[in-house]
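Structure assessment
So you can see what is in the structure, the chains are spelled out below.
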Amino acid sequence: MTGSDLWVPPGAVPDAGSRGSESLCEAPFDPPGYLVGGLPFEAATAIWGRLWTSRYPLAADEFDDGVWRQTREEAMTRMHVELHPKQVWGLIGIDGDSADAVLRMVSTVDSHPMPNVIIENAVNGHAHAGFGITTPINVTNYGSRRAVRYGLSIEEALRRAVGGDPSYPGRLIKNPFHSRWITHFLHDKTSTLNQFGAILTAAGHMPGRGWHNQRRREPVGYSRNETLFHMVRRFAYREMRHHWGDAEGYRAAVAKHVAILNADFPIPLGGNELGHISQSISDWTINYSRMWNDGPAAYDAAFSAIQAARGRKGSGRNGGLIGGRIRGQSRSEESRLLHAGIQAAASR
């Protein structure tokens, strides 16, 4: 990838009739004669192009002026750009809010992997670090939740290793090509999550098993979306019994609960994200939930079956024996009885 594929530098004027990023990339210009992060412009953009995969990223100069999606060429003239696409997580960002942030980030001996890029604020020494992931994580509903959780643990371990800001939402990163920042491109190699985990575990930075529960009690960054979704999802299953046949009333109740829980966060989510969460939960329940479509009789039957199944579980742990049967076999039978009860109630 050449520099023109990523950003048209100052002085490059496209044809008056050209439109879109393809026309901008084809406009002839002289390569800039300056270094970026200690590398020639073309080498720097090649590294950044591998790490930064947002096609239509969020970008901004001053946050008070708003953040909006722009073309890659436009975004690369802003002070801050989106860290990675919303659906694919391929670049881990850490925010260092100390005067010696760069020193902490490059002091990797027996501590943490070397970041690919460090972008420093020369005024106060604060810096953003970017770590490239070899296989980006799919953060949509079609991705692996285990991979997402492991990636979040890696992110937390890196933050601990460099003393990063725990409130950094991981949404925007300093633009490495903006003249306001000092950029350090260190290498272009990426690492797998297991490679990150091996180094960070040996250094003692990986969070313990109970960290995700603690994270939900004090959510910041991307964990706010995850926490809010799961809290409202459970509420939505119970709330449907008050809105049979009233889809709009149900949607309004879910949206209200989303807003109430969001207000408890130290840094609340924005209105667009709240709308996406409430709509996702409501649409799934109305379109795919068997209990919603089959009505109150099926809901009551399912509730009774669940309560009965819980009563038969006993106090043994997974893998133990219940009434002479292996727990897995007992659950399979309970599931069969539960579906049978729902079907019987629906056919009445």
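Higher on the page you've got the structure.
Treat the numbers as computed from the prediction; the structure is a model and nothing was measured.

**Topic: the side chain of Arg-72**
Following the sequence through the fold, Arg-72 ends up in helix α4 (residues 72-75). Here Trp-52 takes part through its backbone oxygen, which lies 3.4 Å from a polar atom of the side chain of Arg-72.

**Considering the pairing of strand β8 (residues 127-138)**
Summarising the sheet, strand β6 (residues 88-96) and β8 pair through eight bridges and their orientation is antiparallel. Paired with Ile-92 across the strands is Phe-131, a residue of β8.

**A look at the sheet that holds strand β3 (residues 58-60)**
A sheet is described by the order of its strands in space; here four strands give the open sequence β4-β3-β5-β9, paired in antiparallel fashion. Either end of the sheet is taken by a strand with one partner, and the two such strands are β4 (68-69) and β9 (172-174). The sheet contact formed by β3 and β4 spans two bridges and is antiparallel. Across the sheet, the residue bridging to Ala-59 is Trp-68, located in β4.

**So, the packing of helix α10 (residues 247-262) against helix α11 (residues 271-288)**
For the pair α10 and α11, interaxial distance at closest approach is 9 Å and the crossing angle is 140°. When the axes of α10 and α11 are compared, the pair comes out oblique. The crossing of α10 and α11 is right-handed. When α10 is examined against α11, the residues Ala-247, Tyr-250, Arg-251, Val-254, Ala-255, Val-258 and Asn-262 are found in contact with a partner set consisting of Leu-274, Ile-277, Ser-278, Ile-281, Ser-282, Asp-283, Thr-285 and Ile-286.

**Remarks on the side chain of Ser-98**
Note that Ser-98 resides in the loop between β6 and α5 (101-106). Side chain to side chain, Ser-98 and Asp-100 meet in a polar contact 2.9 Å long. Side chain to side chain, Ser-98 and Arg-104 meet in a polar contact 3.4 Å long.

**Concerning a nonpolar patch on the surface**
Nonpolar side chains collect at one region of the surface, where Leu-103, Val-106, Met-114 and Leu-186 lie side by side and expose about 310 Å² of accessible area between them. Overall, the relative accessible area of 33% leaves Val-106 in the partly exposed class.

**Description of unusual backbone geometry**
The backbone phi angle of Asp-110 is positive, close to 55°, even though this residue is not glycine. Positionally, Asp-110 belongs in the loop between α5 and β7 (117-121). By relative accessible area, which is 72% here, Asp-110 ends up exposed.

What counts, and at which threshold
Every chain's residues receive numbers from 1 upward, in the order its sequence appears when written. Local features in this predicted model are restricted to residues of pLDDT 70 or higher, and side-chain atom pairs are both shown and tallied only at a pLDDT of 80 or more, whereas totals for entire chains, interfaces and linings draw on every residue. Only hydrogens and water are set aside; all other atoms, that is, all heavy atoms of the structure, feed into the side-chain values. Runs of H or I in DSSP of at least four residues are treated as helices and runs of E of at least two as strands, each being numbered from the N terminus. What qualifies as a polar contact is a pair of N or O atoms within 3.5 Å, subject to a donor-acceptor requirement within protein and to the restriction that residues adjacent in sequence count only when both atoms come from side chains. Strands qualify as paired when DSSP identifies two bridges or more between them. Here, axes are lines fitted to C-alpha atoms. For helices the fit covers the stretch in contact, and angles between N-to-C directions go from 0 to 180 degrees. Roughly parallel refers to an angle under 35 degrees, roughly antiparallel to one over 145, roughly perpendicular to one between 65 and 115, and oblique to any angle outside these ranges. Crossing handedness follows the turn of the near helix against the far one: under a right angle anticlockwise gives a left-handed crossing, and clockwise gives a right-handed one. Residue contacts are defined here by distance: any two heavy atoms, one from each residue, within 4.5 Å place the two residues in contact. Each patch is built from salt-bridge-free residues with over 30% relative accessible area, joining like charges within 9 Å and nonpolar side chains (Val, Leu, Ile, Met, Phe, Trp, Tyr) within 5 Å. Per-residue accessibility takes into account occlusion by the displayed protein chains alone, with areas from the Shrake-Rupley method and a 1.4 Å probe. For this analysis, a salt bridge means a side-chain nitrogen from Lys or Arg found within 4 Å of a carboxyl oxygen belonging to Asp or Glu. Only protein chains enter the accessibility calculation, which uses a 1.4 Å probe; a residue whose area is less than 20% of its type maximum is buried, one above 50% is exposed, and one in between is partly exposed.

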